[in-house]
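Architecture at a glance
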Amino acid sequence: AIERTLSIIKPDATRRNLTGKIAAKFEEAGLRIVASKRIHLSPAQAGKFYEVHKDRPFYGELVEFMASEPVVVQVLEGENAIAKNREVMGATNPANADEGTIRKEFALSMGENSVHGSDAADTAKEEIAFFFSGLELVG
Ligand code: CMP
């Protein structure tokens, strides 16, 4: 089915001028960027976005990192977009990421791993609504 998923190009990647190279990977995989904006999250906003991880030991570091510099948030659309995006990103830990994936090519560490992608249909819906209004989604 045609799905939509939320992608974030993280501060380690925007800082290294990799926005275009990463967006190209999505497009080459057949995903369409139907919404896109560059924003600088406040710590409160980053904390809210990652609330599900609030009891994890890495939460503080994650929130600080995500609010450290701008990110690019995008909605990707396509056949099986959620799974396809996860495939293109590669494993969370770049040490385990397959050849050719974004994280293999660009990620610096488990924390500075260049991209975030929704992990399931329900979270995709929530995460898209967190950043975009219906008017901003132009399929
Ligand atoms: P992301 O897909 O954005 O979702 C949560 C993020 O927490 C994850 O990518 C990682 O960048 C970050 N993170 C940092 N440390 C860990 C860890 N030990 N386990 C899982 N995620 C971690």
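Keep in mind it's a predicted model, so treat the numbers as computed, not measured. (Residues numbered from 1 in each chain as written. Predicted model: local features only at pLDDT ≥ 70, side-chain atom pairs only at ≥ 80, totals over all residues. Heavy atoms only, no water.)

**Quick notes on the UniProt feature "binding site: ATP" (unreviewed entry) in the chain**
UniProt annotation of "binding site: ATP" (unreviewed entry) refers to Lys 10, Phe 58, Arg 86, Thr 92, Arg 103 and Asn 113 when read in the numbering used here. When you line up the elements, Phe 58 lands in the loop between helix H3 (43-49) and helix H4 (59-66). With respect to the helices, strands and loops of the structure, Asn 113 is situated in the loop between helix H6 (102-106) and strand E4 (115-117). By relative accessible area, which is 2% here, Asn 113 ends up buried. (UniProt positions renumbered as here; feature names shortened; annotations may be inferred. Helix = DSSP H or I, 4+ residues; strand = E, 2+ residues; numbered from the N terminus. Buried < 20%, exposed > 50% of the residue type's maximum accessible area, 1.4 Å probe, protein only.)

**What to know about the sheet that holds strand E2 (residues 32-39)**
Spatially, E2-E3-E1-E4 is the arrangement adopted by the four strands of the open sheet, whose pairing is antiparallel. Lying at the two open borders of the sheet, with one neighbouring strand each, are E2 and E4. For this sheet, the mean inter-axis angle between neighbouring strands, taken without regard to orientation, is 20°. Across the sheet, helix H2 (residues 19-28) is in contact with strand E1 (2-9), E2, strand E3 (71-79) and E4; its angle to E3 comes to roughly 10°. (Pairing = 2+ DSSP bridges. Axes fitted to C-alpha atoms, helices over the stretch in contact; angles between N-to-C directions. Contact = heavy atoms within 4.5 Å.)

**Brief notes about the UniProt feature "domain: Nucleoside diphosphate kinase-like" (unreviewed entry) in the chain**
In this numbering, the UniProt entry assigns the feature "domain: Nucleoside diphosphate kinase-like" (unreviewed entry) to residues 2-139. For residues 2-139, helix accounts for 40% and strand for 20%, while the C-alpha atoms at its two ends are 11 Å apart.

**Brief notes about the pattern of salt bridges**
Taken as a whole, this structure holds seven salt bridges when the rule is applied. Among the ionic pairs, Arg 15 bridges to Glu 112, the shortest N-O distance being 3.4 Å. On the criterion of sequence distance, the pair formed by Arg 15 in helix H1 (residues 11-15) and Glu 112 in the loop between H6 and E4 is long-range, its members being 97 residues apart. Residue classification places Glu 112 among the partly exposed residues on the basis of a relative accessible area of 26%. For the salt bridge of Glu 105 with Lys 25, the shortest nitrogen-to-oxygen distance reads 2.8 Å. Of the two residues, Glu 105 is situated in helix H6 and Lys 25 in helix H2; the sequence distance between them amounts to 80 residues. (Salt bridge = Lys/Arg side-chain N within 4 Å of Asp/Glu carboxyl O.)

**Re the site of the ligand**
The local shell around the ligand consists of Lys 10, Tyr 50, His 53, Phe 58, Leu 62, Thr 92, Arg 103, Met 110, Gly 111, Asn 113 and His 116. Contact between the ligand and Tyr 50: an oxygen atom at 2.6 Å from a side-chain N or O atom of the residue. Protein contact buries 76% of the 450 Å² of open area that the ligand shows by itself. Classifying every residue of the shell around the ligand by side-chain character gives four nonpolar, five polar and two charged. (Near = heavy atom within 4 Å. Polar contact = N/O pair within 3.5 Å; in protein donor to acceptor, adjacent residues only side chain to side chain. Areas by Shrake-Rupley, 256 points an atom, 1.4 Å probe, with all protein chains shown as cover. Nonpolar A, V, L, I, M, F, W, Y, C, P; charged D, E, K, R; others polar.)

**Notes on the nonpolar core**
Counting 20 residues, the largest nonpolar core has Leu 6, Ile 8, Met 66, Val 75, Phe 131 and Phe 132 as the members making the most contacts within it. Breaking this core down by element, the ones donating at least two residues are E1, E2, H3, H4, E3 and helix H7 (121-131). Ignoring sequence-local partners within four residues, the contact set of Phe 131 consists of Leu 6, Ile 8, Lys 37, Ile 39, Leu 41, Phe 49, Val 73 and Glu 136. Judged by nonpolar contacts, the second largest core, of 14 residues, contains Ile 9, Ala 13, Ala 81 and Ile 102. (Core = buried A, V, L, I, M, F, W, Y, C linked by side-chain atoms within 4.5 Å.)

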